[in-house]
Amino acid sequence: MTSLTQRFARTPMKRALTALFVGALALPAGCEDFLDVNTNPNGPEKVTANLYLPPMLHALATTPQLDGRFIGRYTQQWYVPIAGAFTTWDRMGYDPSSDNGGQVWRDVYFVLGQNLVDMTELANAEERWDLLGVAYLLKAWGWQSATDIYGEIIVKEAIDQSKFSFNYDSQEYAYSEVQRLLNLAIENLKRTDGAVNAAYLGRTDKVYNGDRTKWLKLAYGMLALNLNHYTRKALYRPAEVIAAVNQSFTSNADDALLAYPGTQNDDINFLGRTRGNFNGYRQTRFVVGLMDGTVFEGAVDPRMSRMLSPAPDGVYRGLDINVANFGALTTTQQPNNFYGYALAGGLQLPGRYLWADKVRMPIMTYAQLQFIKAEAAYRLGDLATALSAYREGISSHIDFVNARNTDNAQSPLPITAAEKATFLANTAIVPAAASALSLTQIMSQKYIAQWAWGHSEIWMDMRRYNYTDIDPKSGMQVFPGFAPPTLLFPDNGGKIVHRIRPRFNSEYVWNRPGLDAIGGLALDYHTKPIWITQP
Amino acid sequence: MMKKRVLALLMGTFLCASPVLAQQKTVTGKVTRDGAVPLSGVSVVLRGSTQGTQTNTNGDYSIRADVGQVVQFRLIGYVPIERTIGAENTIFVQLEKTASSLNAVVVTALGETTQRRNLGTSQQTVQGADIAQTGRENFINGLQGRVAGVEVISTSGVPGASSSITIRGVSSISGSNQPLMIIDGMPMDNKTLNSGALASDAPGSLTAFSNRGIDFSNRAIDINPEDIETLVVLKGPEAAALYGIDAGNGAIVITTKRGKPGTGGFEYSNRLRIDQTRGNPVVQNTYAPSGTTGDLLNAFSYFGAPYAAGTTFYDNVSGFFQTAQSQQHNLSFSGATQDSRINYRLALAANAQGSVIPESDLNRINLTGRTGAQVTRWLNADLSAQYSVLENDQALKGTNGPLIGLLLWPQTDDARDYLTPAGTRRRITVLASNSETDNPYFSVNKNRVNAKTSRLITNFGLTLTPVKWASLKTNIQSDGYTDEKLIVRHPESAGVPNDNNGILDNATDVVRNLTAQTLLTFNRKQLTKNISVSGLGGNQISDFRSNVSGLLGRDFLDPNFVSANNTNVRTNRTILTQRRLVSAYAQAVLNYHDYLYVTVTGRNDWTSTIPTERNSFFYPGVTSSFVFTDAFPTIGKFMTGKLRAAYAEVGNDARPYAYRPALEFKTTSNGGYGYGFTGPNLALRPEFATSYETGTELGFFDDRIGLDLTVYRKEKTDQIVNDIRGSYGTGFILFNLNGAATRNEGFEATLRATPIEQRGFSWDVLANFERARGTVLALPNALPESYVSDTWLYGNVRNGVQPGLSTRALTGLFYLRDTIAGSRKMLIDPTTGLPLRSTAFIDGGYDRQPDFTVGLTNTVRFRNLTMSALLDFRKGGDVFNATEHFLTSRGLSNRTLDRNTPRVIEGVLRDGRENTANPTPNNIVVVPAVQTGFYSGISEELFIEKDINWVRLRDVTVRYTLPGRYFKARDASMYITGTDLFVYSNYSGLDPIVNGNTAAVGGSGGAGIDFGNFPMPRGYAVGFKLGY
């Protein structure tokens, strides 16, 4: 090497060659700066804590609607008529090797997922107790939604990028975790110290615009919902349910609603006309029966013409889920879709009720909580409280329907005060005496109040009452007129559905050992009852 | 920092240079062959310098040299000769055609030339003229069959379709398997824009193309084949050893044409071509649509009653295709000074390519310049520039493409009548407007896939020869282009365009790749009498950058006005990608007795895409060549031969930003940030490939027969799999993980023969044989399967790979079969009599890898007439005929004509006894016409056609050289060329060479998945060439 360098030195080019050598040797050192271009310029790696919030709040209101397309068929809120056959979901089945029904799974683990972990850490470090409270509430909402739909879920091992197979946790654990998280949420949302700041939270919180006290009420509401699911358990404490409801929403003004800006596909209401996701869906005979007087002694619900869709001949009919397609109904007798049209209508025309682009989609409502209170009080034996909560539930839901139908200038006219008063005075709907109140009434009116949006809770109610339990008080089914489809999906083995299978492209492909441990690979796994609905 | 360093280096080389003075004189002479035939274009170079010249058309040369210097006379295909300058002032040289191809001069890595005998690895050279004569606008398409081990798959037969090229099979499960393109020693971008760059393809969007519905050209299409002098395919490990990590899949080294002394002047050539579609798709016209409501069909299903006698049918299918007209014009002006101190070439080319599909075409203009000058005795400067402008219009492909619409359209309706009197889409079904598949004419007239690209590649090189034993060469290259895409999906077009009331995409990809390379070459140095050594060292610094600005407009105001300004809802998206590389490398060649060569290489790369602590990696290579017929002259009397062996490793990096996720702006309500699909992997490390290769080159009968055999094995370990899935329990959907392993093995053989060689009549044969195998050995974290999601484009079949399967396997929801060894009977649903299908993606034994391929070129010369034909043979390899599955499910395939025939599907009932010794054979009679599930639920598996073979006449050219001086031309010839004139294949579809995706998709991609793709057309071209 020495002789080589000496030779260089003798040539006229020595400086240049020396420069090259020095350059080559110095390369690695200089490389570091030059190579430091691997920070993704298309997005930041960390952002201020509140910027994580909007996609999660979007999920809070929207995600349930995606799986609602399917749960809505289990619960016979709607039916998808097709020629000569029935869809798998209308037969209480599922779509094999499809992610249909897996949106909650996706969004709890992915949209919340690491984002929520990061937001929680930041909010905690920056002492933003209000945002931290919202974070705990979101986490609780995720597990509550997921376990109510899927039963056993991944909780303890979740959100860990170093693992590639995950063990499932029991629903019992998931429920207790939801309670723990909601208590943490309540604890933090009560705080006013630290960096609690309504303006900071309100910058991205388009549900309550940063109002900590309303988030606090929502946390109590979610706690009430959770505790009220224990009706079949010995642990059921109706007094605690009522106490939680009392600390939550006090009027429709507290409703947790998300407004959709409607500027592009993803920020338009999933039920909206522009999205067109419900073109093929039609109302069932069951839901029409609850509102057209079939069940409740001729009391025609004024909400029917504001929520449901008439056929072109103006009559409100529901489809029989055991008859393929529209059956014998003529074209003018076939109910329109929920937007109010026989076919996919023009984009600029008005929609109906929640089927409008910019409607404010509920996450939880005052009416819903009043029905939860009514059921708990009824079970506690406090029938007077039950009746007043029940009446308040119907009344506030009528207001809710009117409010929603004006969110986006939908076509139905508002329910007048007179119509409302007449309806509430009908004893087939609201009994004069508290002693006459039945579970059938409470649960049916709760079903109406949650129809089209509260899918998980509707399904939970139905599963808690085995779909077709008889209420001894009324002598009718708790959900009168409901009957499982006669032609069940082949894999069901004759059993009715109790859960949705975990997301196919997450679990059935990549976490089969985890599923196997809970019996999830069985063909009829979706008919296995969930823990909370079992005595 | 680094830039300054490079500049300093360059400045240094300029400033320090000073002329070397010595006694010089001018030597002139003539170079001839076969006695008196002058040889033009022979390079006459002073050994150990860049100083040199070339002979003119009369074979004359003139060069200044010192007494004692050695002059080399080299011409590709001839044995080089050296002469030492003595007292004489003229040197006449007689060059012999290489008795052995081993002595032929070839281009090797880094733009160096060497004698073939040196090479320890397999490489093959293709003459630019052979590619250019095929008249294909994308030179990649001219390579199939010309090189053993190279496989070219064009996406479709539409002008501007992307072509993927792989050398020695597929080894990367998810990344690119394409070789590095080198032009004049520097890297050339051959990107096919991924549709993921479009704003309409933003993660989670419903308007995504996912590389299925559209195709963009691979950017090698910007190069005019007429500008290529030679093209060398480096197949194996040596490519990577010297070209670095991007050449892990081999390299294609293009040398562009230069001016030569004497041959200068103007040259004009043209080519007029017509193309016709090769074979029309066939659909049944026995059974009418399933039902009608008034004049309208209920659906595009054809399970109805037989057509009434006397029904009028329109020949929509063959009426749709048109005869394409294309033309090419090439004008060049080139030359060099007599002493070759200055050479230049300027070329202008125009290429207007028509299509057999209405409204598709491609237009390209190329302006090329290359000049070199010997500035002083020790300084040589070289400047080249390729400028191209290209515009391309394509039809949509796949589900929303015109082919599917064409096949679905009822033959009782005239498809040409596609508009209502009001100018809107004429509807013929009662289906919702978003579910009625587009009329094919509507599809091509109202939708647009347009690309406008302008590109400039400039390469500036300086070579310094300060001393006789070394030279220093520095090149700086800029490869930059602007690629503007405009995609319009008309508001009335079925599917998502209709849902969104029209979708318009604008995307501009601004690419700027800069590379600086410095090479220090040490000339051959005699260590002892028999041992000599030569070497080189160098470094390369690259900066690759792409900035795609995308705009998505939806909801058209005026349905027919094309502009983003006409859209009601707009979103934009910017994707900036940057990757930098720094490399240092060295090579030493030991030569013993001119018959044993050992080459040792080492390279270290530093990449920006791997975490800093692991971003530096070194890899070595050793190759050796043993010319045994020179070592043992007794054998050498009868033949020439050499043995080769090579071993090399190569590292490879990840794609940019692969290990730490960034947050994405979310388009859900009220914006905000959230993670993208891909999770973090801070432990990401480079992947490594280890290759072994051995082979032999043999020549017999004065080299009239030559045989080149190669066997190789490559193992890629710790392979990075992009976008592999896992449980969402991780918090993410996709990961970029190390841990896959693949093994590629193969055998290549090239046979050259000249069975006849007489004055005025000769016949040459070149046969290239390849057999390649790629196997997946492992997947990261023992995950069961990995697939590239874009390939899940039709039904439930995708390019899934599992350990033990081929790297080009297909997985799907295939039929369930019994588990008894050797039985594999289908399981039948006891209630319906129809087969049961898996609900998970399983292996069905399908492999798209051919058993072998052969490219056979025959060249016959008779006096002034030359005929050259390339036949392409393939044996084996599966192709998924998704189009046929689609037609079957709609009752349009001829295989549904027996729909009224009762049949029992062979298999066993799934009644609990299916896996016992006594299963219940299926005895349930099914009549497909009645049981609609027979066709609608039919597994795609039945349409994966096994062992597809073909014989394809890729191209044939007959050229007639006009005797005398026609039109006073120095050189005049006429030619007729045919491309893809025939394909004999057992494939039932239109063309087995298709890609359901585009060349942008990684891994094995969508090649061999045929859905709604147009075949390569049959072309006939005539042209002439005049040289002045």
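Quick caveat, the model's predicted, so the values are computed rather than measured.

Caption draft 1: Geometry of the environment of Asp555 of chain B. All names here are of chain B. With respect to the helices and strands, Asp555 occurs in strand E28 (residues 531–556). Classification of Asp555 by relative accessible area gives buried; the value is 12%. Separated by 56 residues in sequence, Asp555 and Asp499 place their C-alpha atoms 9.1 Å apart. Of note is the side chain of Asp555, whose polar atom sits 2.5 Å from the side chain of Asn501.

Caption draft 2: Representation of the packing of helix H5 (residues 129–150) of chain A against helix H8 (residues 212–228) of chain A within the structure. Residue and element names in this part refer to chain A. Running from N to C, H5 and H8 point in directions that differ by 25°, and their axes come no closer than 10 Å. Put simply, H5 runs roughly parallel to H8. Considering the relative orientation of H5 and H8, their crossing is left-handed. Judged by residue contacts, Asp130, Val134, Leu137, Ala140, Trp141 and Gln144 of H5 engage Arg212, Trp215, Leu218, Ala219, Met222, Leu225 and Asn226 from H8. Of the residues in the contact of H5 with H8, the class split is 9 nonpolar, 2 polar and 2 charged.

Caption draft 3: How the structure looks around the confidence of the model for chain A. Per-residue confidence for chain A gives a mean pLDDT of 92, with 93% of residues at or over 70. Residue range residues 1–13 of chain A is modelled with pLDDT below 50. Its contacts to residues more than four positions away, or to other chains, number 16 contacts.

Caption draft 4: View of the sheet that holds strand E16 (residues 228–234) of chain B. Residue and element names in this part refer to chain B. In spatial order, the strands read E11-E16-E17-E14-E15; together these 5 strands make up an open sheet with mixed pairing. The outermost strands of the open sheet, each flanked by one partner alone, are strand E11 (123–127) and strand E15 (186–188). Taking each pair of neighbouring strands and ignoring which way they run, the sheet shows an average axis angle of 30°.

Caption draft 5: Structural context of the pairing of strand E40 (residues 809–812) of chain B. Residue and element names in this part refer to chain B. Side chains Ala809 and Thr811 project from E40 onto one buried face, and the interleaved Leu810 and Gly812 project onto a second face that is buried too. As paired strands, strand E39 (residues 797–798) and E40 are joined by 2 bridges and run antiparallel to one another. What sits directly across from Val797, in E40, is Gly812. Sheet topology note: the E40/strand E42 (residues 842–847) ladder contains 4 bridges and is antiparallel. Of the residues in E42, the one forming a bridge with Thr811 is Asp843.

Caption draft 6: The sheet that holds strand E47 (residues 944–945) of chain B, seen in detail. Residue and element names in this part refer to chain B. One open sheet accounts for 3 strands, arranged E47-E45-E51; its pairing is mixed. Whereas interior strands pair on both sides, the edge strands pair on one side only; in this sheet they are E47 and strand E51 (1009–1010). Judged from the 2 bridges that link them, strand E45 (residues 879–881) and E47 form a sheet pairing that is antiparallel. Directly across from Val879, in E47, lies its bridge partner Glu945.

Caption draft 7: Geometry of unusual backbone geometry. All names here are of chain B. One non-glycine residue, Asp718, adopts positive backbone phi at about 55°. Tracing the backbone shows Asp718 in strand E36 (residues 705–725). Phi is positive for Ala782, close to 55°, though the residue is something other than glycine. You can see Ala782 is positioned in the loop between strand E38 (761–778) and E39. Using a relative accessible area of 72% as the deciding quantity, one classes Ala782 as exposed.

Caption draft 8: The packing of helix H12 (residues 366–380) of chain A against helix H15 (residues 439–450) of chain A, seen in detail. Residue and element names in this part refer to chain A. One can describe the packing of H12 onto H15 by two numbers: an axis separation of 9 Å at closest approach and a directional angle of 165°. With respect to H15, the element H12 is oriented roughly antiparallel. At the point where H12 passes H15, the crossing takes the left-handed sense. Contacts from Gln368, Phe371, Ile372, Ala374, Glu375 and Tyr378 in H12 reach Leu439, Ile442, Met443, Gln445, Lys446, Ala449 and Gln450 in H15.

Caption draft 9: Examining empty space enclosed by the protein more closely. Counted under the stated rule, the structure contains 16 cavities of 30 Å³ or more. Considering only enclosed or pocket space, the largest cavity measures out at about 350 Å³ in volume. Lining the largest cavity are 22 residues, and of these Pro64, Trp141, Ser145, Ile363 and Ser456 of chain A lie nearest its centre. Looking at the lining of the largest cavity, the elements that each hand over two or more residues are helix H3 (53–74), H5, H8, strand E4 (360–364) and helix H16 (455–464) of chain A. Partitioned by chemical class, the residues of the lining of the largest cavity number 13 nonpolar, 7 polar and 2 charged. Its boundaries defined by the atoms lining it, the second largest cavity holds a volume of some 230 Å³. If you go around the second largest cavity, you meet 23 residues; those closest to its centre are Glu137, Arg273, Gln353, Met1016 and Pro1017 of chain B. Here the lining of the second largest cavity is composed, by residue class, of 7 nonpolar, 11 polar and 5 charged.

Parameters at a glance
- Residues numbered from 1 in each chain as written.
- Chains lettered and ligands numbered in written order.
- Predicted model: local features only at pLDDT ≥ 70, side-chain atom pairs only at ≥ 80, totals over all residues.
- Heavy atoms only, no water.
- Helix = DSSP H or I, 4+ residues; strand = E, 2+ residues; numbered from the N terminus.
- Buried < 20%, exposed > 50% of the residue type's maximum accessible area, 1.4 Å probe, protein only.
- Polar contact = N/O pair within 3.5 Å; in protein donor to acceptor, adjacent residues only side chain to side chain.
- Axes fitted to C-alpha atoms, helices over the stretch in contact; angles between N-to-C directions.
- Parallel < 35°, antiparallel > 145°, perpendicular 65-115°, else oblique.
- Left-handed = near helix turned anticlockwise from the far one by under 90°.
- Contact = heavy atoms within 4.5 Å.
- Nonpolar A, V, L, I, M, F, W, Y, C, P; charged D, E, K, R; others polar.
- pLDDT = per-residue confidence, 0-100.
- Pairing = 2+ DSSP bridges.
- 1 Å grid on protein atoms, 1.4 Å probe; cavity = no way out; pocket = protein on both sides within 12 Å on 5 of 7 lines; lining within 4 Å.
- Points joined across faces, edges and corners; volume = space filled by probe spheres on them.

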